[in-house]
Amino acid sequence: KELGFPTANLGIRWDTVVGGGRDSAAAALTDEERTVLNFATTHATGIYCAFGRVEGIPDGGVHKVAMSMGWNPTFADVKAKAIEPWILHTFPEDFYGHRIRLLVVAYVRPELKFESIDALRAEITADGEFCAAALASPELAPLASDPFLLAGSSLSGGS
């Protein structure tokens, strides 16, 4: 949906979940795919605060993220749970095809159904502002330098 908030939607390998359990196809998942699937199947739907870094781009620093995970109940045509991180940073160009590291640090609220697109846009804006402020707090800000986020980047000395 075109709402004016660029998100880096994560692929969830729902094809490896059969009848509420995991089948042999799950064994073929990469570690990253398994982590995303595990998060999607074990955490509540709603809005989360996170830190994120896009790998392999010039502006590959750690940024604040407002992330939605759920069924997007405002839209009737959504058939699968989605994970949609909104990196609260303006990038000079698209980063399609690049890996994204996300460190999810807090649950904000459950997902909601909105009566209008304008109401949804207003709430997304409020969620972004809330997440930006929460991630700048003394309790959460230090997590932006977590080794997971910095691994493999020049930010970590290239390790």
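Everything below is about the structure shown above.
Residues numbered from 1 in each chain as written. Predicted model: local features only at pLDDT ≥ 70, side-chain atom pairs only at ≥ 80, totals over all residues. Heavy atoms only, no water.

Caption draft 1: Region of the structure containing helix α2 (residues 117-135). The end-to-end C-alpha distance of α2 is 27 Å, a good match for the 27 Å that 19 residues give at a rise of 1.5 Å each. Where the residues of α2 are buried, they touch β3 (46-54), β4 (63-70), β5 (82-87) and β6 (100-109). (Helix = DSSP H or I, 4+ residues; strand = E, 2+ residues; numbered from the N terminus. Expected span 1.5 Å × (residues − 1). Contact = heavy atoms within 4.5 Å.)

Caption draft 2: Highlighting the sheet that holds β6. Here four strands make up an open sheet; going across it, the order is β5-β4-β3-β6 and the pairing antiparallel. Both outer strands of the open sheet, β5 and β6, are each paired with one neighbouring strand and no more. Neighbouring strand axes in the sheet, compared pairwise and without regard to direction, differ in orientation by 30° on average. As defined by bridge partners, β3 adjoins β6 across eight bridges and the pair is classed as antiparallel. (Pairing = 2+ DSSP bridges. Axes fitted to C-alpha atoms, helices over the stretch in contact; angles between N-to-C directions.)

Caption draft 3: Up close: the pattern of salt bridges. Per the stated rule, a full pass over the model turns up eight salt bridges. With its nearest N and O atoms 3.3 Å apart, the salt bridge here joins R34 to D31. Of this pair, R34 and D31 are both found in helix α1 (residues 31-42), three residues apart, which corresponds to roughly one turn of the helix. The salt bridge partner of R99 is E32, with a shortest N-O separation of 3.0 Å. (Salt bridge = Lys/Arg side-chain N within 4 Å of Asp/Glu carboxyl O.)

Caption draft 4: The arrangement of the side chain of H63 in detail. Mapped onto the secondary structure, H63 falls in strand β4. Looking at H63, the relative accessible area reads 12%, which means it is buried. Of the polar contacts made by the side chain of H63, one reaches the backbone oxygen of G61; its length is 3.4 Å. Only 3.5 Å separates the side chain of H63 from the side chain of H89, close enough to count as a polar contact. Excluding its chain neighbours within four sequence positions, the residues that come into contact with H63 are A50, F51, G52, I87, H89 and F91. (Buried < 20%, exposed > 50% of the residue type's maximum accessible area, 1.4 Å probe, protein only. Polar contact = N/O pair within 3.5 Å; in protein donor to acceptor, adjacent residues only side chain to side chain.)

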